[in-house]
Amino acid sequence: LAKTTQPISMDSYEGQEVNITCSHNNIATNDYITWYQQFPSQGPRFIIQGYKTKVTNEVASLFIPADRKSSTLSLPRVSLSDTAVYYCLVGPTSGTYKYIFGTGTRLKVLA
Amino acid sequence: DSGVTQTPKHLITATGQRVTLRCSPRSGDLSVYWYQQSLDQGLQFLIQYYNGEERAKGNILERFSAQQFPDLHSELNLSSLELGDSALYFCASSVSTGGVDTEAFFGQGTRLTVV
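Residues numbered from 1 in each chain as written. Chains lettered and ligands numbered in written order. Predicted model: local features only at pLDDT ≥ 70, side-chain atom pairs only at ≥ 80, totals over all residues. Heavy atoms only, no water.

Colleague: Explain the pattern of salt bridges to me, please; I cannot follow it from the model alone.
Modeller: If charged atoms from side chains of opposite charge come close, those side chains can pair. Residues and elements named next belong to chain B. This structure, assessed with the given rule, holds three salt bridges over all chains. A salt bridge links R63 to E82, with the shortest nitrogen-to-oxygen separation between them at 3.7 Å. Taken together, the residues R63 in the loop between β6 (53–57) and β7 (64–68) and E82 in the loop between β8 (74–78) and β9 (87–94) connect sequence positions 19 residues apart. Residue classification places E82 among the partly exposed residues on the basis of a relative accessible area of 43%. (Salt bridge = Lys/Arg side-chain N within 4 Å of Asp/Glu carboxyl O. Helix = DSSP H or I, 4+ residues; strand = E, 2+ residues; numbered from the N terminus. Buried < 20%, exposed > 50% of the residue type's maximum accessible area, 1.4 Å probe, protein only.)

Put into structure tokens, the structure is as follows:
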């Protein structure tokens with residue numbers, strides 16, 4: 001499984017765009033990149049997933065450069081309710097896969 | 001609501017005791033995963049079952065065991081409990097064996113307190 005590295009914590013202010021970068025230098029050809037969000041005392045929740053270039057949904061965008069050795073989760077105009085831990089996961093699309101969560105990035109949104 | 005149901009929500013028990021945590025996956029999901037999350041710690045993967053069979057094992061202690069039943073619900077058994085076992089225990093389910101492109105849905109967790 002590809003090892004991932006994320007910043008431990010980040011602070012932002014309401015209304016700002018937040019970009020969280022994940023490094024995954026040894027990503028494999030058939031690996032996808034997935035981001036989960038976890039609020040305190042709740043289970044993680046899927047945010048977005050991608051393989052290459054850019055993916056956008058109603059809550060976030062995911063940017064993946066051509067070499068796929070990193071990815072950036074972009075949260076537009078964050079609010080206080082976006083304060084959470086964000087996890088980057090990298091893994092294959094087939095076979096037995098263990099959803100291994102790293103330490104994640106603790107995002108704190110300030111008023 | 002993720003569709004994954006965990007019971008009980010809270011559990012307080014004494015050291016040395018044994019408890020059983022229950023998880024009902026989303027309808028149609030064949031894979032069940034168990035995680036342990038201690039205070040301010042990350043999610044530690046414990047074990048995965050797929051359609052009744054163990055598929056992957058993480059850092060699960062020998063005092064812990066799990067199984068998945070024919071109706072696909074799963075139970076995590078924790079025995080000889082120690083104070084350090086106090087944590088949130090999450091169950092997740094996915095439709096397949098769990099390629100990462102398959103979204104995992106998490107329950108609300110069982111908070112275990114060992115006193």
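Colleague: Would you explain the sheet that holds strand β5 (residues 53–56) of chain A in this entry?
Modeller: In a beta sheet, neighbouring strands pair by backbone hydrogen bonds and run either parallel or antiparallel. Residue and element names in this part refer to chain A. Ordered in space as β2-β7-β6-β5, the four strands form an open sheet in which the pairing is antiparallel. Looking at which strands have only one partner, the edges of the open sheet turn out to be β2 (18–23) and β5. Averaged over all adjacent pairs, the angle separating strand axes in this sheet is 15°, with direction ignored. With four bridges joining them, β5 and strand β6 (residues 61–64) adopt antiparallel strand pairing. Paired with T53 across the strands is I64, a residue of β6. (Pairing = 2+ DSSP bridges. Axes fitted to C-alpha atoms, helices over the stretch in contact; angles between N-to-C directions.)

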